[in-house]
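Structural characterization, general
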Amino acid sequence: MGENGVPKGIGVVLGQNIGAIVLPESVLQQALVPQAGNYESVIPKAGKYDVVFDRDSLLGAATRVKNLMDLKHREPVVLHIDGESCYITSRLTGVEFHEDVLCQGTIPEPMNIAFDDILLLNGISATKGEGIRALLNSSLSPMKIENEGFTALVLPVRMKNRA
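Residues numbered from 1 in each chain as written. Predicted model: local features only at pLDDT ≥ 70, side-chain atom pairs only at ≥ 80, totals over all residues. Heavy atoms only, no water.

1. With respect to the sheet that holds strand β6 (residues 95-101)
Backbone hydrogen bonds are what pair the strands of a sheet, in a parallel or an antiparallel way. The sheet built from four strands is open, its strands ordered β6-β5-β4-β8 with antiparallel pairing. Unpaired on one side and paired on the other, β6 and β8 (111-115) mark the two borders of the sheet. Across the sheet, the axes of successive neighbouring strands diverge by a mean angle of 25°, strand direction being ignored. Sheet topology places strand β4 (residues 77-81) next to strand β5 (residues 86-92); four bridges connect them, and they run antiparallel. Of the residues in β5, the one forming a bridge with Val78 is Thr89. Strands β4, β5 and β6 of the sheet are contacted by helix α2 (residues 55-68), whose axis makes an angle of about 165° with β6. (Pairing = 2+ DSSP bridges. Helix = DSSP H or I, 4+ residues; strand = E, 2+ residues; numbered from the N terminus. Axes fitted to C-alpha atoms, helices over the stretch in contact; angles between N-to-C directions. Contact = heavy atoms within 4.5 Å.)

So, in structure tokens, the structure goes:
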């Protein structure tokens, strides 16, 4: 158990413009089986995007972006996935930060998906090993991450106009 009796690996952020959650598969099973009868039915089996990220590269980029964030003026981080590259961006008082991430996989068209920086970092930090497999379907659907027997869903956040 973590702080306040919440199991480790779970994070929730709710606010006026942001809401996200990171749930390990074991918690999903406990929480969803009574209601859904079959928790597997709510976890994506396949994704339009099937991408493997280098864990250290993704963890390093997410950590650096989080460390640059101002707690009073936090904005979501955006994971950009396209055929040539993957990278994370975030903004702070009009300045955009860009961190490259090593990745490979099935990327049918470019996609940007926004996450709460802390919850994305929690999901990545809970993994071990070298590669993190991510299954995604759209910028508004959960990202399923898998790594050495660990499965988690990281829910995206909606972006305000970034103009």
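From this point, the narrative continues.
2. Examining α2
Its 14 residues place the ends of α2 20 Å apart at the C-alpha level, agreeing with the 20 Å of an ideal helix rising 1.5 Å per residue. Arg55, Ser57, Leu58, Leu59, Gly60, Ala61, Ala62 and Val65 are the residues of α2 that are buried. At its buried positions, α2 is contacted by β3 (49-54), β4, β5, β6, α3 (117-125) and β9 (131-136). N-capping of α2 is provided by Asp54, with a side-chain oxygen placed 3.4 Å from the backbone N of Asp56. (Expected span 1.5 Å × (residues − 1). Buried < 20%, exposed > 50% of the residue type's maximum accessible area, 1.4 Å probe, protein only. Polar contact = N/O pair within 3.5 Å; in protein donor to acceptor, adjacent residues only side chain to side chain.)

3. With respect to the confidence of the model for the chain
Considering every residue of the chain, the mean pLDDT works out to 75; 67% of them sit at 70 or more. Across residues 10-20, confidence stays below pLDDT 50; counting only partners more than four residues off in sequence or on other chains, it has 27 contacts. (pLDDT = per-residue confidence, 0-100.)

4. Section: the pattern of salt bridges
Under the definition given, this model contains six salt bridges. A salt bridge links Glu109 to Lys48, with the nearest nitrogen and oxygen atoms 3.6 Å apart. Here Glu109, found in the loop between β7 (103-106) and β8, pairs with Lys48, found in the loop between α1 (25-36) and β3; they are 61 residues apart in sequence, far enough to count as distant. Across the pair Arg55 and Asp56 runs a salt bridge, and its minimum N-O distance is 3.7 Å. In this structure, a network of salt bridges that share partners links the residues Asp50, Arg133, Lys144 and Glu146. (Salt bridge = Lys/Arg side-chain N within 4 Å of Asp/Glu carboxyl O.)

5. As for unusual backbone geometry
Within the chain, Glu148 stands out as a residue other than glycine whose phi angle is a positive 45°. Note that Glu148 resides in the loop between β10 (143-147) and β11 (150-154).

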